[in-house]
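# Structural description and commentary
One-letter residues, chain by chain:
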Amino acid sequence: MARSDLLLNLVKSGLNGERELFTKTVEAVIAEERAKSHHVLADSLTKATLQHKPVRETSVQVLLKVPSAELLLEKQPDVELSDLVLPTAVQTLASQLIEEQQRADLLRSYNLEPRSRVILTGPPGNGKTSLAEAIATTLCVPFYVVRYEKVVNSYLGETAKRIQEVFQYARLRQCVLFFDEFDALAKEREDRQESGEIKRVLNSLLLEVDRLPSYVILIAATNHPELLDRAVWRRFQIRTTLPLPNRDQIARWFDLLAKRYPQLNISKAKRSFSSLMGSSYSELHDLAQDVMRRCVLDGEVNSDRVFQKEMKLWILNHPKKGIGKNGHAADSNFSKARNSRTSKEGRRGAGSSPAKRGTTRRENRTSDSAARASVR
Ligand SMILES: Nc1ncnc2c1ncn2[C@@H]1O[C@H](COP(=O)(O)OP(=O)(O)OP(=O)(O)O)[C@@H](O)[C@H]1O
Ligand SMILES: [Mg+2]
């Protein structure tokens, strides 16, 4: 929204006593000033609003309250996009999102908003958290990780209140708000075993997501897309999967590593990379660390030899790896998730949410083409 619109809204809402519009406008002004690095003004505006003491607490004050620090963890983002090996579709979507955020003013002058809501799925250790952090790094904005274990509370009504607090805080600045293990909050409402409380939590979550301004980039991640309520999917404009790496991506990952550690020579071991298929990036990272540790402790200078030895040992200890055909290890949670999703879909009939589109043969390939990316 252009600055003149904000002023106009402030005046109108102030005169007409429209609290909600007033609150939203104040939030937008504060966020805009912060984005321009006018922190003194942004802080003064926040303070002024908090210091205002009417007889009854207004919604503005409720909205500007700082949540207890334990609900949100502010992490200094330091992962760069160039540190990650991403399927082309994911790379493109991330670049588009970043450009839209960086050139939001231009979009808004055409009455368009940048995309700001992303959901990342995929097996553990393949970059969901890392990608969210890299987006924050590139945009130079704070990276807030929601501590869902603190947000979820067994007391009735408390969880929904905490969710509200988190969103209220995030709305005040341009930031990346990251919900890991999103399924813990956004579970299917139809699940009969769940109490009415989970329905209330989800309703409150969806309401907050809807109200979120586009300068807050909401990124949700889950290893269990099949657990998410259908209503959740349409809230996300970008829905994409980070799959296990294929052979080429494994090679690219080791090339990146070799750049960081030039002493690590693995040119011969490269021929055996296909036996690592079925492993996640974080497992590749562990293997590389094992090799480097052995090189140091054994005083071995031929890292290629160590690598080949460690790789054999590693494959022996990970018998399910190296299956590689569809890129998903047979025992991974994700494959189980996919299977159970297939049976759930059968029961529900055809649908259009990404959760329901996840099991075609094409999508099971771990390659660029398998990075399911859906854009609204
Ligand atoms: N696509 C990738 N490219 C390069 N390195 C990666 C990639 N994905 C993961 N890694 C490495 O694996 C580590 C763990 O990744 P990350 O925490 O992002 O995975 P995740 O998908 O969020 O896992 P989880 O589902 O368990 O939360 C990272 O710190 C990084 O070292
Ligand atoms: Mg993660």
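Remember, it's a predicted structure, so these values are computed and weren't measured experimentally. (Residues numbered from 1 in each chain as written. Chains lettered and ligands numbered in written order. Predicted model: local features only at pLDDT ≥ 70, side-chain atom pairs only at ≥ 80, totals over all residues.)

## Comments concerning the overall build of the protein chain
Put simply, the rule is: Secondary structure is summarised from DSSP: a helix means a run of H or I of at least four residues, a strand means a run of E of at least two, and numbering begins at the N terminus for each. Burial is judged by counting other C-beta atoms within 10 Å of a residue's own C-beta: 20 or more means buried, 12 or fewer means exposed, and anything between counts as partly exposed, with every C-beta placed from the backbone. We call two residues in contact if the C-beta atoms placed from their backbones are at most 7 Å apart.
On a plain count of helices and strands, the protein chain comes out with 15 helices and seven strands. For the protein chain, buried positions account for 37% of its 376 residues. If you take every contact in the protein chain between residues at least 6 apart in sequence, the share linking residues at least 24 apart comes to 75%.

## Focus: the site of ligand 1
Our working definition: Proximity of a residue to a molecule or strand is defined by its backbone-placed C-beta atom lying within 6 Å of that partner. Here the nonpolar group is Ala, Val, Leu, Ile, Met, Phe, Trp, Tyr, Cys and Pro; Asp, Glu, Lys and Arg are the charged ones; every other residue, Gly included, is treated as polar. Domain ranges listed in this record stem from an automatic or a database domain assignment.
Taken together, 17 residues surround ligand 1, and among them Pro124, Gly127, Thr129, Ser130 and Tyr281 come closest. Of all the secondary-structure elements, those providing two or more residues to the shell around ligand 1 are helix H7 (128-139) and helix H13 (281-298). In the shell around ligand 1, the residues fall into seven nonpolar, eight polar and two charged. Mapped onto the domain boundaries, the shell around ligand 1 takes at least three residues apiece from domain 2 (69-241) and domain 3 (247-317).

## Describing the pairing of strand E6 (residues 238-241)
Which entries qualify depends on this criterion: Strand pairing requires that DSSP identify at least two bridges connecting the strands.
Burial along E6 is two-sided: Ile238 and Thr240 facing one way and Arg239 and Thr241 facing the other are all buried. Bridge count for strand E2 (residues 117-121) against E6 is four bridges, and the pairing is parallel. Across the sheet, the residue bridging to Leu120 is Thr240, located in E6.

## Considerations on the nonpolar core
Here is the rule we go by: Nonpolar cores are built from buried Ala, Val, Leu, Ile, Met, Phe, Trp, Tyr and Cys residues. These are joined into a set through C-beta atoms within 7 Å.
Counting residues in hydrophobic clusters, the biggest one holds 59 residues, and the most contacted among them are Ile135, Tyr144, Val176, Leu177, Phe178 and Ile219. Both domain 1 (3-64) and domain 2 (69-241) contribute no fewer than three residues apiece to this core. In contact with Ile135, other than residues within four places in its own chain, are Ala94, Leu97, Ile98, Val176, Ile217 and Ile219. In terms of nonpolar packing, the next biggest core, distinct from the first, is built from 13 residues, Ile266, Ala288, Cys295 and Val306 among them.

## A look at the environment of Lys128
Its location among the elements puts Lys128 in helix H7. Along the primary structure Lys128 and Thr222 are separated by 94 residues, whereas in three dimensions their C-alpha atoms are 8.3 Å apart. Apart from the residues lying within four places of it in its own chain, the contact partners of Lys128 are Leu120, Gly122, Ala221 and Leu242.

## Concerning the packing of helix H5 (residues 88-102) against H7
Defined as follows: Each axis is a line fitted through C-alpha atoms, and for a helix only the stretch in contact is used; angles between axes span 0 to 180 degrees, taken between their N-to-C directions. Here is the rule for handedness: rotate from the far helix to the near one, and if that takes an anticlockwise turn smaller than a right angle the crossing is left-handed, while a clockwise turn gives right-handed.
It is the contact of H5 with H7, at a shortest axis distance of 10 Å, that shows an interaxial angle of 35°. You can see that H5 and H7 cross each other, and the crossing is right-handed. Contact residues: Ala94, Leu97, Ile98 and Gln101 in H5; Leu131, Ile135, Thr138 and Leu139 in H7.

## Focus on the confidence of the model for the protein chain
To be explicit about the condition: For every residue, the predictor states its confidence as a pLDDT score lying anywhere from 0 to 100.
In this model, the protein chain carries a mean pLDDT of 78, and residues with pLDDT of at least 70 account for 76%. For the protein chain, the element scoring lowest by mean pLDDT is helix H15 (residues 333-348), at 37; E2 scores highest, at 98. Residue range residues 55-65 is modelled with pLDDT below 50. Its contacts to residues more than four positions away, or to other chains, number 20 contacts. Long-range and interchain partners of residues 323-376, a stretch whose pLDDT sits below 50, account for 93 contacts in this model, where long-range means more than four residues apart.

## Brief notes about the packing of helix H1 (residues 3-16) against helix H2 (residues 19-35)
The condition is simple: If an angle is under 35 degrees, it is roughly parallel; if it is over 145, roughly antiparallel; if it lies from 65 to 115, roughly perpendicular; otherwise it is oblique.
Close contact between H1 and H2 brings their axes to 9 Å; oriented N to C, the two are set at 150°. Considering their axes alone, H1 and H2 lie roughly antiparallel with respect to each other. Taken as a pair, H1 and H2 cross one another with a handedness that is left-handed. Residue-level inspection shows Leu6, Asn9, Leu10, Ser13 and Gly14 of H1 in contact with H2, the latter providing Leu21, Phe22, Thr25, Ala28 and Val29. Residues that form the contact of H1 with H2 fall into these classes: six nonpolar, four polar and no charged.

## Here we look at unusual backbone geometry
For Asn111, which is not glycine, the phi dihedral falls at a positive 65°. Tracing the sequence through the fold places Asn111 in the loop between helix H6 (104-109) and E2. Using a count of 7 C-beta atoms within 10 Å as the deciding quantity, one classes Asn111 as exposed. The backbone phi angle of Glu181 is positive, close to 45°, even though this residue is not glycine. Relative to the helices and strands, Glu181 is located in the loop between strand E4 (175-179) and helix H10 (196-211). Of the residues examined, Glu181 has 16 C-beta atoms within 10 Å and is grouped as partly exposed.

## Digging into the environment of Leu84
Within the element layout of this structure, Leu84 appears in the loop between strand E1 (72-75) and H5. Residues Leu84 and Tyr281, spaced 197 residues apart in sequence, show a C-alpha to C-alpha distance of 9.5 Å. Setting aside chain neighbours within four positions, we find Leu84 in contact with Gly127, Ser130, Leu131 and Ala134.

## Considering the pairing of strand E3 (residues 143-146)
Where E1 meets E3, four bridges bridge the pair, whose relative direction is antiparallel. When the sheet's bridge partners are listed, Lys75 is paired in E3 with Phe143. When E3 meets E4, the two strands line up parallel, connected through three bridges. Of the residues in E4, the one forming a bridge with Phe143 is Val176.

## Examining H5
Here is the rule we go by: Each helix should span, by expectation, one fewer than its residue count multiplied by 1.5 Å. Here, the arc refers to the directions that run from the helix axis to the C-beta atoms.
Relative to the 21 Å expected for 15 residues at 1.5 Å per residue, H5 spans 21 Å between its end C-alpha atoms, a close match to the ideal helical length. For H5, every residue scored as buried is listed here: Val90, Leu93, Ala94, Leu97 and Gln101. Across the axial projection of H5, the buried residues extend over an arc of 100°, all falling on one side. The outward face of H5, more than 90 degrees from its buried face, is lined by the exposed residues Thr88 and Glu99.

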